[in-house]
Amino acid sequence: MTDRPSLYTAAEFRRRALHQNGGPIESSWRDHGDHILNPDIVEQVATFKLRDAAVLVPVIDDGDRASVIFTQRTATLRKHSGQIAFPGGKIDEVDRSPEQAAIRETREEIGLDDTFVETVGRLPNYLASTGFRITPVLAVVRRGFELHLNPSEVDDVFEVPLSFLMDPANHTRDKRMIDGLDRHFYRMPYETRMIWGITAGIVRTLYERLYA
């Protein structure tokens, strides 16, 4: 992919988030990311009684080069321990929307103040075999924030250039045997980190909806 910084500003990300390709958000979840790679598994998961969750995809306004915030979950968590993730979690009864849940969870996990966050759209839901229906909420984050990590949930936080994430050359397909079935997924190594699983599936959907 030719490196064109103008594609990877927060302003251009906002514009693309508001005018996505790929059909309606509500009905196109089967058609994106690693859902395409695992149609039988996804159809089975769709029959589960799923709990609703939301994650924030926080794109930092860095002028010509936007970057994306990721967390590394603590090793002591019951699910997805030690993995790279977007901030987020279960939608509670007090949350009026997935946007409110994603922002609340982000504040609780990494201390990002709401006043720096502008939500600009959603991606199609991600159906996780762990029993969650995840709404990825897209957001632009203004610089000037300070982060305060919740050590019971997050070990570390780091940023990845949007241009790296939106380059399909960095999206490697892999598979792993789970419960006797081949589960296909994306992985995206960045420096010493490995983005894979649900998080990489959401990143791939972001690419397909906004930049493919």
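Residues numbered from 1 in each chain as written. Predicted model: local features only at pLDDT ≥ 70, side-chain atom pairs only at ≥ 80, totals over all residues. Heavy atoms only, no water.

**Student:** Explain the overall build of the protein chain to me, and be specific about the residues and the numbers.
**Tutor:** A tally of helices and strands in the protein chain yields 5 helices and 11 strands. Overall, the protein chain is about 45 × 40 × 35 Å in size when its C-alpha atoms are taken along their principal axes. Classification of the 212 residues of the protein chain by burial places 49% in the buried group. For the protein chain, restricting intrachain contacts to residue pairs at least 6 apart in sequence, the fraction spanning at least 24 positions comes to 67%. Summing over all exposed atoms, the protein chain offers an accessible surface of approximately 10,400 Å²; the carbon and sulfur share of this is 48%. Across the protein chain, the 27 positively charged side chains and the 32 negatively charged ones have centroids separated by 3 Å. (Helix = DSSP H or I, 4+ residues; strand = E, 2+ residues; numbered from the N terminus. Buried < 20%, exposed > 50% of the residue type's maximum accessible area, 1.4 Å probe, protein only. Contact = heavy atoms within 4.5 Å. Areas by Shrake-Rupley, 256 points an atom, 1.4 Å probe, with all protein chains shown as cover. Lys, Arg positive; Asp, Glu negative; His and termini not counted. Charge placed at Lys NZ, Arg CZ, Asp CG, Glu CD.)

**Student:** Go over the pattern of salt bridges, please, and point to the residues and values.
**Tutor:** What the rule picks out here adds up to 18 salt bridges. Here Arg15 ties to Glu12 by a salt bridge, and the two come within 2.8 Å at their closest N and O atoms. With Arg15 and Glu12 both in helix H1 (residues 10-18) and 3 residues apart, the pair spans about one turn of that helix. By relative accessible area, which is 44% here, Arg15 ends up partly exposed. A salt bridge links Arg104 to Glu108; the shortest N-O distance between them is 3.2 Å. With a gap of 4 residues between them, Arg104 and Glu108 both fall in helix H3 (residues 98-110), about one helical turn apart. One salt-bridge network, in which partners are shared between bridges, spans Lys90, Asp92, Asp95, Arg104, Glu105 and Glu108. (Salt bridge = Lys/Arg side-chain N within 4 Å of Asp/Glu carboxyl O.)

**Student:** A description of the nonpolar core should follow, citing residues and the corresponding values.
**Tutor:** Judged by nonpolar contacts, the single largest core of 40 residues is most densely connected at Phe13, Phe70, Leu162, Leu165, Met166 and Tyr211. The biggest single contributor to this core is helix H5 (residues 197-210), with 6 residues. Ranked by size, the runner-up nonpolar core spans 16 residues in total, among them Ile60, Ala101, Ile103 and Phe145. (Core = buried A, V, L, I, M, F, W, Y, C linked by side-chain atoms within 4.5 Å.)

**Student:** Any chance you could break down the environment of Ser163 for me, citing the residues and the numbers?
**Tutor:** Take Ser163: it is sitting in helix H4 (residues 162-165). For Ser163, a relative accessible area of 16% puts it in the buried group. Not counting the four nearest positions on each side in its chain, Ser163 is found in contact with Tyr8 and Arg65.

**Student:** Give a detailed account of the environment of Gln44, specifying residues and quantitative values.
**Tutor:** You can see Gln44 is positioned in helix H2 (residues 39-45). The partly exposed category is assigned to Gln44, whose relative accessible area is 46%. C-alpha of Gln44 to C-alpha of Phe70: the two residues are 26 residues apart in sequence and 29 Å apart in space.

**Student:** Explain the sheet that holds strand S10 (residues 181-190) to me, using residue names and the numbers behind them.
**Tutor:** Strands sit in the order S9-S10-S11 across an open sheet of 3 strands; the sheet is antiparallel. Both edges of this open sheet fall to strand S9 (172-178) and strand S11 (193-196), since each of them pairs with a single strand only. For this sheet, the mean angle separating the axes of adjacent strands, direction not counted, is 40 degrees. Two strands pair when backbone bridges link them, and S10 and S11 are joined in this way by 4 bridges, in the antiparallel orientation. Its bridge partner lying in S11, Tyr190 is registered against Arg193. H5 rests against S10 and S11 of the sheet, and its axis sits at about 75 degrees to S10. (Pairing = 2+ DSSP bridges. Axes fitted to C-alpha atoms, helices over the stretch in contact; angles between N-to-C directions.)

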